[in-house]
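# Residue-level structural notes
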Amino acid sequence: MDFNMKKLASDAGIFFTRAVQFTEEKFGQAEKTELDAHFENLLARADSTKNWTEKILRQTEVLLQPNPSARVEEFLYEKLDRKVPSRVTNGELLAQYMAEAASELGPTTPYGKTLIKVSEAEKRLGAAERDFIHTASVSFLTPLRNFLEGDWKTISKERRLLQNRRLDLDACKARLKRAKAAEAKATLWNDEVDKAEQELRVAQTEFDRQAEVTRLLLEGISSTHVNHLRCLHEFVKSQTTYYAQCYRHMLDLQKQLGRFPGTFVGTTEPASPPLSSTSPTTTAATMPVVPSVASLAPPGEASLCLEEVAPPASGTRKARVLYDYEAADSSELALLADELITVYSLPGMDPDWLIGERGNKKGKVPVTYLELLS
């Protein structure tokens, strides 16, 4: 019992001494041991790494899960060390609603058939999103969290110890200074000077040891950057795969919808404007959209034979292909990105399509895949 009381009293005395030293330093009434410039740079880089890692982590969590309530729920599950329950993605929920709507409104009607096809595509998009979220969480978010909850906590602990050792060292220097000042006035303080010098040597040794430990941990931030760089590459790879899957699914969907006969029966398609009109010289889109495929011939007439199609009197234009395009059938012309082709329109054509010619090959091409040149 007496031992515990003495230890508590000792700890309280050390805390009080550090508090006094810290306060005097703030008011400029005590000297402070300064760390070297390299050490200060290490501290600044570590703080910057921690701050930006937190910001990137939080914003990536928002990207993967925009719903704040869901993020809080996932956070609580992680803290309780329990598995986060599987959650239906927005795309999968939309697919479910579309499938139920098609079943009730008539799965054999044009609208019902289209709902079913879009539902299947949305379901695939939802599955791709789920895979992306899982991959990004494992390969990117988890390493960032491990740094903040592991390495950074260790660094912070050792920095606090170093701060305490420095306060102890400076307090010992102040005591030695006062003892020497008193010794100059009376010879009875020799023991106090010796004691203060001994305490200073011990404090200096502990400070140097703790500074070395902290320095090694701070220099390890370079390894942290290398690890985060590798994780960042994995994140970009998973994101690229996800968006490529989404693009492929939607491209397939629009091709399927374009083949549905009679889906837009009764809709009057406006005539395509002449290529020589004052329309913008560039028709481009960030993501190419495949338009619905319409017949070359007006309603009620037989489809035109591509071999018999001739350029109109209004003339032709050159166009540069923006993206690769795979022909859906023999009436379309396959395209390769960056190649130049000749294009023109025919009366009654869907305005989203043109006739394209490359050498002796001819076929319909989607306008959104082209850059029309003046």
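Below is a summary of the structure that appears in this document. Keep in mind that what you see is a predicted model, and the values were worked out from it rather than measured.

## Some thoughts on the pattern of salt bridges
Summed over the entire model, instances satisfying the criterion amount to 13 salt bridges. The partner of Asp36 in a salt bridge is Arg215, with the nearest N and O atoms 3.2 Å apart. Of this pair, Asp36 sits in the loop between helix H1 (2–26) and helix H2 (37–64) while Arg215 is found in helix H6 (residues 190–219), placing the two residues 179 residues apart along the sequence. Here Asp36 falls in the partly exposed class, since its relative accessible area comes to 36%. On the basis of relative accessible area, Arg215 is assigned to the buried category, the value being 19%. Residue Glu206 is joined to Arg165 by a salt bridge in which the shortest nitrogen-to-oxygen separation is 4.0 Å. Of this pair, Glu206 sits in helix H6 while Arg165 is found in helix H5 (residues 110–183), placing the two residues 41 residues apart along the sequence.

## Focus on the sheet that holds strand S2 (residues 340–344)
The antiparallel open sheet is built from 5 strands, whose spatial order is S4-S3-S2-S1-S5. What marks the edges here is a single partner per strand, and that holds for strand S4 (361–366) and strand S5 (370–372). Across the sheet, the mean angle from the axis of one strand to that of its neighbour is 40°, orientation sign disregarded. Pairing of strand S1 (residues 317–321) with S5 involves 3 bridges; the strand directions are antiparallel. Looking at the pairing, Val321 lines up with Leu370 of S5.

Rules used in this analysis
Residues numbered from 1 in each chain as written. Predicted model: local features only at pLDDT ≥ 70, side-chain atom pairs only at ≥ 80, totals over all residues. Heavy atoms only, no water. Salt bridge = Lys/Arg side-chain N within 4 Å of Asp/Glu carboxyl O. Helix = DSSP H or I, 4+ residues; strand = E, 2+ residues; numbered from the N terminus. Buried < 20%, exposed > 50% of the residue type's maximum accessible area, 1.4 Å probe, protein only. Pairing = 2+ DSSP bridges. Axes fitted to C-alpha atoms, helices over the stretch in contact; angles between N-to-C directions.

In short, the description is geometric, and any link to function would need to be established separately.
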